[in-house]
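Summary of structural features
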Amino acid sequence: MKKELRSPVSQRPFNAENINKTGIGAEVSIELNGKKLRVPLGRSILDICRDNNIHIPTLCYHEDLCIAGNCRMCLVEVEGMKNLQTACSYPVTSPVKIKTFSNKVRKARKHIVDLMLSEHYGECYSCVRNNNCELQRLAREYGIDSYEFGHVCEPRFEVDDSSHAVVRDMDKCILCRRCVRTCIDLQEVGVLEAVNRGYDTKISTFMDTPLNDVICINCGQCINRCPTAALHANDPSDQIWKAIEDPSKHVILQTAPSPRASIGEEFGLPPGNSMTGQLNTAARMIGFDRVFDTNFSADLTIMEEGTELLGRLKKAIVDKDKSVMLPQFTSCSPGWVKFIEHFYPEKLDYLSTAKSPQQMFGAVLKTFYAEESGIDPADIVTVALMPCAAKKFECNRPEMNSSGFKDVDYGLTTREMAKMIREAGLVLPELPKSSFDDPFGEASGAGLIFGSTGGVMEAALRTVYELVTGRPVPFKDLNIEACRGMKGIKEASVKLENCIEEFSFLEGTDLKFIVAHGTANAKVVMDMLIKGELEGYHFVEIMACPGGCIGGGGQPIPTSESIRKLRAKAIYEEDGASAVRKSHENPKIKYIYEKYFTDGPCGKISHKLLHTKYTKRGKFIN
Amino acid sequence: MNKLFERKNRTGPVLFSEYEKGSAVKKALLTDRDDILLEIRESGLRGRGGAGFPVSVKWMLTAAANSPQKFVICNADEGEPGTFKDRVLLSEYPELVLEGMIIAGYTVGARKGIIYLRAEYSYIKDFLQSKIEEMRSDGNLGKNICGRKDFDFDISIRLGSGAYVCGEETALIESLEGHRGEPRNRPPFPVNTGYLGFPTVVNNVETLASVPHIINKGGEWYHKFGTGKSSGSKLFSVSGDCRYPGVYELQWGITIKELLDLCGAENTKAVQIGGASGICIPESEFSRQISFEDASTGGSVMVFNKNRKMIDVLQNFMEFFTEESCGQCTPCRIGNVKLLEGVNMIRNNEYSLEYIEKLKELGETMKIASKCGLGQTSPNPFISILNNFKDEIFGMN
Amino acid sequence: MNDIEKNKRREFVSELMNKYVPDRTSLLPILQDFQEKFGYIDEYSQQLIAFELDIHPVEVNSVISFYAFLYDKPVGRNIVRICKNIVCEFNGSKEISDAVIKEFKINPGETTPDGKLTFEHVNCFGLCDKSPSMMVNGEIFENINKESALKIIKELK
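Thresholds, definitions, all that
- Residues numbered from 1 in each chain as written.
- Chains lettered and ligands numbered in written order.
- Predicted model: local features only at pLDDT ≥ 70, side-chain atom pairs only at ≥ 80, totals over all residues.
- Heavy atoms only, no water.
- Contact = heavy atoms within 4.5 Å.
- Buried area = accessible area lost by both parts, 1.4 Å probe.
- Salt bridge = Lys/Arg side-chain N within 4 Å of Asp/Glu carboxyl O.
- Polar contact = N/O pair within 3.5 Å; in protein donor to acceptor, adjacent residues only side chain to side chain.
- Helix = DSSP H or I, 4+ residues; strand = E, 2+ residues; numbered from the N terminus.
- Axes fitted to C-alpha atoms, helices over the stretch in contact; angles between N-to-C directions.
- Parallel < 35°, antiparallel > 145°, perpendicular 65-115°, else oblique.
- Left-handed = near helix turned anticlockwise from the far one by under 90°.
- Nonpolar A, V, L, I, M, F, W, Y, C, P; charged D, E, K, R; others polar.
- Domains from an automatic or database assignment.
- Buried < 20%, exposed > 50% of the residue type's maximum accessible area, 1.4 Å probe, protein only.
- Phe/Tyr/Trp six-rings, centres within 6.5 Å; stacked < 30°, edge-to-face > 60°.
- Lys NZ or Arg CZ within 6 Å of the ring centre and 35° of its normal.
- Core = buried A, V, L, I, M, F, W, Y, C linked by side-chain atoms within 4.5 Å.
- Pairing = 2+ DSSP bridges.

Let us now look at the interface of chain B and chain A. Taken together, the contacts link 44 residues of chain B with 42 residues of chain A. Carbon and sulfur atoms make up 53% of the surface buried where chain B meets chain A, a total of about 3,500 Å² over both sides. Across the salt bridge formed by Glu361(B) and Lys107(A), the nearest N and O atoms sit 3.3 Å from each other. The interface formed by chain B and chain A includes 22 residue pairs in polar contact (both at pLDDT 80 or more). When residues of the side of chain B that touches chain A are traced back to their parent elements, those giving at least two are helix H11 (310–324), helix H12 (330–347) and helix H13 (353–369) of chain B. The element best represented in the side of chain B that touches chain A is H13(B), accounting for nine residues.

Turning our eyes to something else, we now look at the packing of helix H3 (residues 103–119) of chain A against helix H4 (residues 134–141) of chain A. Pairs of packed helices are described in terms of their axes, by the angle between the two and the distance that separates them. All names here are of chain A. The contact between H3 and H4 brings their axes to 10 Å, and the two run at 135°. The angle between H3 and H4 falls in the class oblique. Where H3 crosses over H4, the handedness of that crossing is left-handed. Residues Val113, Met116 and Leu117 of H3 lie in contact with H4, whose contacting residues are Leu135, Leu138 and Ala139. Split into classes, the residues belonging to the contact of H3 with H4 amount to six nonpolar, no polar and no charged.

Glancing now at the pattern of salt bridges. Enumeration over the complete set of coordinates arrives at 85 salt bridges over all chains. The partner of Arg308(B) in a salt bridge is Asp241(B), and the shortest N-O contact between them spans 2.8 Å. Taken together, the positions of Arg308(B) in the loop between strand E9 (300–305) and H11 and Asp241(B) in the loop between strand E5 (233–240) and strand E6 (246–251) put the pair 67 residues apart, joining distant regions of the chain. A network of salt bridges, in which partner residues are shared, links Glu458(A), Arg462(A), Arg484(A), Asp575(A) and Arg581(A).

Here we take up the domain arrangement of chain C. For chain C, the assigned domains read domain 1 (3–66) and domain 2 (78–154). In this structure, domain 1 of chain C and domain 2 of chain C have C-alpha centres spaced 29 Å apart.

Next up on the list: the side chain of Thr182(A). Structurally, Thr182(A) is set in helix H5 (residues 178–186). Residue Thr182(A) is classed as buried on the basis of its relative accessible area, which comes to 1%.

Turning our attention to the packing of aromatic side chains. With the rule as written, the count across this model stands at 41 aromatic pairs over all chains. Aromatic pair Phe151(B) and Phe153(B): ring centres 6.1 Å apart, planes at 20°, arrangement stacked. Side by side, Phe151(B) and Phe153(B) carry an identical accessibility label, which is buried. Here the aromatic rings of Trp221(B) and Tyr222(B) are separated by 6.5 Å at their centres, their planes lie at 55°, and the arrangement is tilted. The rings of Phe292(A), Phe296(A), Phe361(A), Phe368(A), Tyr369(A), Phe440(A), Tyr591(A), Tyr593(A), Tyr596(A) and Phe597(A) are connected pair by pair, giving a single aromatic cluster. When the ring centre of Phe267(A) is taken as reference, the NZ or CZ atom of Arg422(A) above it lies at 5.8 Å. It is Lys512(A) that lies over the ring of Tyr537(A); its NZ or CZ is 4.4 Å from the centre.

Further remarks concern the nonpolar core. Formed by 148 residues in total, the largest nonpolar core has its most connected members in Trp59(B), Phe153(B) and Ile49(C). Sort the elements by how many residues they give to this core and helix H5 (residues 94–108) of chain B lands first, with nine residues. Counting residues in each nonpolar core, the second largest holds 55 residues, with Val180(A), Ile184(A), Ile223(A) and Leu529(A) among its members.

Residues and elements named next belong to chain A. Pairing within the open sheet is mixed, and its five strands lie in the order E2-E1-E5-E3-E4. Unpaired on one side and paired on the other, strand E2 (35–40) and strand E4 (85–86) mark the two borders of the sheet. Judged from the two bridges that link them, strand E1 (residues 27–32) and strand E5 (residues 97–99) form a sheet pairing that is parallel. Along E5, the bridge assignment pairs leucine 32 with isoleucine 98.

Spelled out as structure tokens, the structure:
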């Protein structure tokens with residue numbers, strides 16, 4: 001499953017292979033700010049500087065993306081070159097002398113900041129990225145105290161807030177094109193590109209169509225990589241504050257697994273600190289009436305999706321039903337769901353019909369919970385704290401009203417939640433810990449690991465294997481390492497042996513599964529499906545965002561592979577420490593199937609409330 | 001035949017000298033590749049697009065690259081304002097250009113050549129195509145050229161679509177690959193990672209056209225023309241206020257004064273050397289030599305007489321750059337607009353000398369900070385015109 | 001756009017896919033050929049071409065918008081381009097342009113309401129030795145003046 005180098009030819013690294021063979025060797029001696037060093041041949045000046053703790057300012061550079069070299073912030077002096085060179089793009093292939101600061105360099109960088117500021121409309125204090133803006137940081141770094149080359153005083157573009165998820169404010173755009181590289185190269189969605197040229201260059205959707213009407217999957221990865229506030233999420237917190245203030249409303253917050261692993265970053269903590277208990281306290285202090293754990297409905301998802309898978313396997317193997325689609329694809333990532341609706345509409349039958357945990361929870365809250373607690377569902381406002389921008393779109397899908405109401409009223413990102421906590425005057429890390437509310441206060445570690453790529457698969461296997469064989473999955477401490485890690489596409493299998501009688505048709509089956517994250521990888525998997533290369537596979541997990549939810553479009557900025565790894569670590573640690581680690585063993589899950597979904601997973605009632613249909617959208621825009 | 005493609009009565013030491021069609025290819029294909037490289041090195045031939053990179057080095061690097069595929073690209077995207085020498089070569093001496101490409105392909109080990117012809121010259125395309133067909137049927141193009149079983153080479157023509165920046169070699173390659181014509185980061189250079197990622201030689205029309213003569217008459221012969229560091233001859237596209245505008249083949253090292261006399265210029269105030277991205281030379285410096293060492297040019301010589309206002313020239317050039325910048329890198333995209341704003345401030349007498357100095361400093365940054373040659377040279381007219389015509393411009397109001 | 005027009009375009013696009021290697025390197029020639037036949041590259045066809053070449057429609061649009069000679073909006077039956085290089089400007093191209101603007105009541109970059117004429121400025125035709133110059137539907141006119149230029153344009157259909 002080797003993937004070709006995805007970056008465009010223009011941005012591929014220097015081809016050092018030939019030089020390597022000439023016997024110069026794999027290392028080269030250079031001088032960096034007067035210090036002699038030996039560095040790997042072909043390594044960029046920027047990487048070398050970072051290895052040596054030398055700060056180089058960057059804007060268009062992003063760890064996750066291919067090199068652009070267009071902002072020109074990272075200029076350095078290379079001896080013998082007439083012009084300054086961009087550290088990000090310059091591969092060291094000969095014994096060069098590099099100076100990362102000099103008056104020439106300083107002046108050039110300052111000029112570049114000056115030029116960007118002259119075109120950057122707005123003021124920092126009225127901006128969502130205030131204090132977390134890369135342009136602002138550079139302005140400070142270079143001591144900008146006036147607009148040397150003027151400053152735009154009038155907005156030139158209309159803000160596009162047509163999308164539920166992503167707002168585009170091109171007056172703040174500095175044309176670093178990280179969003180373009182994110183959308184086209186990293187995610188292979190292809191919504192954003194630069195149009196026109198020269199001074200008229202701007203980032204645009206196809207024919208300037210509003211974002212809501214194009215093939216945007218709402219993953220919000222562009223937001224996470226935008227250095228300014230040109231791209232930001234559509235923030236519903238004003239409406240949420242209003243609902244909280246309204247005494248007639250019963251406002252419920254459900255919190256997804258990954259925001260708790262990352263929200264500490266918004267309060268200055270290093271990545272990888274779990275804030276579950278503090279977050280619960282904060283939500284109550286803000287005024288939410290109940291705080292529930294989305295992991296509960298993640299467990300519910302496992303029950304439904306796992307049962308659906310077993311059902312499909314039975315139909316395919318026992319009934320020889322040719323209409324059953326295998327492998328079954330997960331459906332909890334709304335970005336992925338919209339991706340397949342646009343790009344592979346003819347393959348929608350492969351998707352599990354199970355709703356995502358967010359939407360299941362919404363439906364349960366406005367039906368079962370409303371009945372149990374005697375509250376009119378019309379008065380319930382459900383807010384979902386999600387790591388995700390696409391969840392905002394998902395809760396606004398017209399079909400998501402099986403409770404008779406809008407199942408989930410608002411999708412709130414980690415960043416927006418942090419803002420609400422700050423607005424309430426709270427310092428999250430200093431708050432005491434508290435638990436989730438009942439009746440959905442308990443959840444399994446299986447639900448928790450939904451937050452990371454491979455988590456859904458791992459959770460499902462823990463349950464499916466046990467349902468089929470009556471024994472726990474045969475992995476040390478229930479940790480299925482094959483599902484974990486940041487490899488783009490992972491695959492593995494588990495042999496089903498000594499099955500219980502009900503599932504004897506699976507005896508000896510190698511349960512083969514694939515885990516992919518990032519829609520570029522999803523595309524690879526889908527193309528394999530089309531070519532028939534997924535024959536014999538049973539289950540595929542796909543998350544739209546790199547790293548899964550912990551790298552979601554609603555997560556704290558910045559994000560990078562190393563940050564995502566730390567967030568994932570926090571989640572797996574918390575799973576390891578959980579009392580219950582399998583979805584089907586969650587007592588609340590047993591309770592809800594006994595009390596409400598009485599005909600069991602994938603029964604009639606659950607089908608009405610917990611399953612959904614998809615729309616064949618296609619990729620043509622009319 | 002269309003009179004456009006009739007060869008005019010032209011004379012010159014190299015390009016416009018006598019040449020027997022097909023002779024250089026025949027000779028080259030009997031010569032060892034290394035010997036051709038040596039010959040080119042001895043000639044001292046440097047790129048004629050303006051940058052003046054030694055051709056032998058470019059070819060050697062490409063020849064040395066270990067790759068299953070290589071390309072030779074003829075840069076016929078002659079967009080520099082005031083340049084039209086390539087138009088003359090392509091429409092009157094196409095065999096020189098095509099044979100130059102074949103020899104380049106043979107030398108570096110490429111089997112495919114592409115001519116990137118600017119959209120404004122699309123009327124030349126069919127003519128060139130017919131010349132290519134002619135060479136194919138003569139056995140000088142296609143499989144087993146001149147009977148050599150180990151050498152195939154073919155040439156195709158691609159049209160640009162109206163973008164000056166595509167004359168920059170990496171932007172040209174991007175355009176060929178179906179992208180916006182935005183220059184790439186260098187390094188890696190095209191000789192290492194060029195068209196489709198393969199080693200690629202990109203040469204100007206005039207550079208390639210010089211090759212057959214060098215092959216026929218030798219590098220030493222070629223080196224005798226011109227000055228030491230600028231060897232050979234150069235085509236000059238002369239236009240503006242002179243009696244005989246047109247293309248002249250002259251040796252490097254000619255002074256501006258001599259050139260002005262040749263083209264019948266009188267009452268001259270200034271000469272813009274090297275197009276919009278070049279420098280503007282005042283009367284006091286007309287004794288300067290045209291060469292890589294002194295006043296360098298890709299071929300454009302625009303003559304302005306004493307009735308012309310230099311601020312008009314400057315404004316025209318800066319408008320040109322704001323329109324033709326690809327918009328990719330910050331210094332060029334925004335910097336050129338700031339310089340143009342400065343020109344308009346001067347025009348409207350709403351400037352301070354202090355701010356103009358600041359803009360000149362910005363221009364200096366653009367020269368060293370921009371991604372490609374466009375942004376690196378676009379401040380040239382701003383700085384040179386404002387410096388050389390201070391009295392006229394700042395005293396005008 | 002109605003289905004008949006769409007079909008015409010779809011047929012032509014598939015012809016182009018046979019004529020050229022159907023990958024991104026052929027994008028410019030495909031767009032050039034398409035434009036020659038249909039005048040401009042409409043929204044529908046941009047998407048068709050994109051999907052045939054396995055790239056995104058927004059990339060096709062991005063490329064079109066980059067090049068001055070490619071259009072994603074309808075243009076006139078005739079395209080008149082006047083050179084505005086400094087040599088042409090000093091030789092009177094500005095006056096010629098002004099005359100065109102006055103006569104046909106359009107600004108550079110615009111099309112007359114009757115769809116007869118699109119008028120544009122071009123940065124340099126490379127005809128400075130025969131300046132001022134003009135290009136009408138790809139044909140070159142050298143050493144023009146106000147009268148000759150207007151006459152040529154008026155005679156267009």
